[in-house]
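# A structural walkthrough
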Amino acid sequence: MDKSLSAAQAHYLKTRSRHRHLVLVGQILLFFLFVGIWEFTAYTGILNDFIFSSPSRMVSCFLKMIGDLSIFTHIGITLAETVGSFFLVMACGILAAMLLWLFPTLAELLEPYLVMLNSLPKSALAPVLIVWLGNNVKTIVVAAVSVAVFGSVMTLHTGFKQVDPDKIRLIYTLGGSKKDVLFKVLVPSSVPLIINNMKVNIGLCLVGVIIGEFLAADKGLGYLIIYGSQVFKMDIVMMSIVILCILSMGFYQLISLLEKHA
């Protein structure tokens with residue numbers, strides 16, 4: 001413990017540390033309790049393990065797919081599509097929000113269309129994208145980008161408009177231009193907003209990728225879910241869903257780590 005801390009500060013830090021550890025232990029216990037109840041009810045027949053599967057059957061399925069290395073192919077493809085669409089969404093979202101801030105009239109013209117496109121169920125677009133782009137990875141990435149990009153543009157543009165006007169006036173008073181305001185005030189002030197937007201978009205991109213894989217893929221976790229449901233192999237379906245949960249949690253933790261450093 002740092003000797004420069006007062007007794008009250010040291011007590012507060014110790015209390016906070018203990019609270020975090022208790023929460024972590026509670027989360028781990030809750031997970032194992034859920035898994036234990038699921039396994040027990042499937043084993044005793046309370047739940048039909050053919051329909052609901054079970055943790056042991058999912059582990060067995062996972063190990064079998066590790067044996068032929070197929071699971072790594074499916075996970076890798078879904079990961080690559082998600083990461084690629086995520087970077088596209090963030091790049092397009094930030095650039096479009098900057099453009100709308102630089103040209104307020106353009107923002108007013110496009111606002112109702114952005115709202116409309118953001119509200120449109122993206123699953124309705126997937127069949128159209130298949131016709132336009134073909135049954136390939138490009139369709140999946142475009143579907144994932146369409147899920148997140150419109151909301152990202154609107155959120156970031158709103159954040160840019162809410163930056164402290166006194167700072168903007170100061171830049172203009174010192175002879176700065178709109179470009180100086182954009183890169184010296186708006187973007188630095190919006191870093192927390194951008195990171196929060198990243199947290200939302202990574203999940204939305206994963207959702208978009210799965211929607212695309214449902215319709216236009218022969219590999220990936222989304223494909224495994226559709227394939228497993230069609231041939232009534234629920235072990236594959238539930239295993240894929242669990243892997244998706246782990247991936248989404250891992251993505252979120254990576255961005256939270258970036259947030260701490262930023």
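What comes next is a walk through the structure. No experiment lies behind these values; they were computed from the predicted model shown.

Helix and strand counts for the chain come out as twelve helices and zero strands. For the chain, whose C-alpha radius of gyration is 24 Å, the value lies well above the compact-globule estimate of 18 Å for 262 residues. Taken along its principal axes, the extent of the C-alpha atoms in the chain is 75 × 65 × 30 Å. Across the 262 residues in the chain, those meeting the buried criterion constitute 34%. The contacts of the chain with a sequence gap of at least 6 include a subset with a gap of at least 24, amounting to 70%. Total accessible area computed for the chain in this model is approximately 15900 Å², and 71% of it derives from carbon and sulfur atoms. Within the chain, one finds 19 positive and 14 negative side-chain charges whose respective centroids are separated by 7 Å.

It is worth spelling out the layout of surface pockets at this point. A probe as big as a water molecule, rolled over the atoms, marks out the empty space that is left. A volume near 410 Å³ is recorded for the largest pocket. Taken together, 14 residues line the largest pocket, and the ones lying closest to its centre are F31, M58, V242, I243 and I246. Mapped onto the lining of the largest pocket, the elements with two or more residues apiece are α1 (7–44), α3 (55–67) and α12 (234–261). For the lining of the largest pocket, the element with the highest residue contribution is α12, accounting for six residues.

This paragraph deals with the packing of α3 against helix α4 (residues 70–102). Two numbers describe how α3 lies on α4: the axes approach to 5 Å, and their chain directions differ by 95 degrees. One way to sum up the angle between α3 and α4 is to call them roughly perpendicular. Judged by residue contacts, F62, M65 and I66 of α3 engage S70, I71, F72 and H74 from α4. Considering only residue class, the contact of α3 with α4 consists of five nonpolar, two polar and no charged.

Once that is clear, we can look at the packing of aromatic side chains. Going through the model one piece at a time under the given rule, you end up with four aromatic pairs. Where F34 meets W38, the ring centres are 5.9 Å apart and the plane angle is 50 degrees; that geometry is what we call tilted. Taken together, the residues span about one helical turn, with F34 and W38 both in helix α1 at a distance of four residues. Look at W38 and you get buried, because its relative accessible area is 13%. For the ring pair F86 and F87, a centre distance of 5.6 Å and an interplane angle of 65 degrees mean the geometry is edge-to-face.

This part is about a nonpolar patch on the surface. Judged by side-chain polarity, L99, F103, L106, L109, L110, Y113, M116, L117 and L120 come together as a nonpolar surface patch covering roughly 810 Å² of accessible area. The element contributing the most residues to the nonpolar patch is helix α5 (residues 104–119), with six residues. By secondary structure assignment, the location of L117 is in helix α5.

Applying the stated criterion across every chain yields a total of four salt bridges. With a shortest N-O distance of 3.5 Å, D49 and R57 are connected by a salt bridge. Classification of D49 as partly exposed rests on a relative accessible area of 28%. Given a relative accessible area of 30%, R57 falls into the partly exposed group.

Before going further, it helps to spend a moment on the environment of P112. One can find P112 in helix α5. Residues P112 and A148, spaced 36 residues apart in sequence, show a C-alpha to C-alpha distance of 17 Å.

The next point concerns the packing of helix α6 (residues 126–133) against helix α10 (residues 191–216). At their nearest, the axes of α6 and α10 sit 10 Å apart, and the two run at 60 degrees to each other. As α6 packs across α10, the resulting crossing turns out to be right-handed. Touching A126, P127 and I130 of α6 are I211, L215 and A216, all from α10. Considered class by class, the residues forming the contact of α6 with α10 number six nonpolar, no polar and no charged.

What follows is about the side chain of T82. By the secondary structure assignment, T82 is in helix α4. Classification of T82 by relative accessible area gives buried; the value is 0%.

The phi dihedral of S53 falls on the positive side, at around 60 degrees, and the residue is not glycine. Tracing the chain through its elements places S53 in the loop between α2 (49–52) and α3.

A few words now on the nonpolar core. Residues I71, F86, L186, L221, L224, M239 and I243 are the most contacted members of the largest nonpolar core, which totals 49 residues. Every residue in contact with L224, bar those within four places of it in the chain, is listed here: M65, I71, H74, I236, M239 and S240.

About the thresholds
- Residues numbered from 1 in each chain as written.
- Predicted model: local features only at pLDDT ≥ 70, side-chain atom pairs only at ≥ 80, totals over all residues.
- Heavy atoms only, no water.
- Helix = DSSP H or I, 4+ residues; strand = E, 2+ residues; numbered from the N terminus.
- Rg over C-alpha atoms; globule rule 2.2 N^0.38 Å.
- Buried < 20%, exposed > 50% of the residue type's maximum accessible area, 1.4 Å probe, protein only.
- Contact = heavy atoms within 4.5 Å.
- Areas by Shrake-Rupley, 256 points an atom, 1.4 Å probe, with all protein chains shown as cover.
- Lys, Arg positive; Asp, Glu negative; His and termini not counted.
- Charge placed at Lys NZ, Arg CZ, Asp CG, Glu CD.
- 1 Å grid on protein atoms, 1.4 Å probe; cavity = no way out; pocket = protein on both sides within 12 Å on 5 of 7 lines; lining within 4 Å.
- Points joined across faces, edges and corners; volume = space filled by probe spheres on them.
- Axes fitted to C-alpha atoms, helices over the stretch in contact; angles between N-to-C directions.
- Parallel < 35°, antiparallel > 145°, perpendicular 65-115°, else oblique.
- Nonpolar A, V, L, I, M, F, W, Y, C, P; charged D, E, K, R; others polar.
- Phe/Tyr/Trp six-rings, centres within 6.5 Å; stacked < 30°, edge-to-face > 60°.
- Patch = residues over 30% accessible without salt bridge, like charges linked within 9 Å, V, L, I, M, F, W, Y side chains within 5 Å.
- Salt bridge = Lys/Arg side-chain N within 4 Å of Asp/Glu carboxyl O.
- Left-handed = near helix turned anticlockwise from the far one by under 90°.
- Core = buried A, V, L, I, M, F, W, Y, C linked by side-chain atoms within 4.5 Å.

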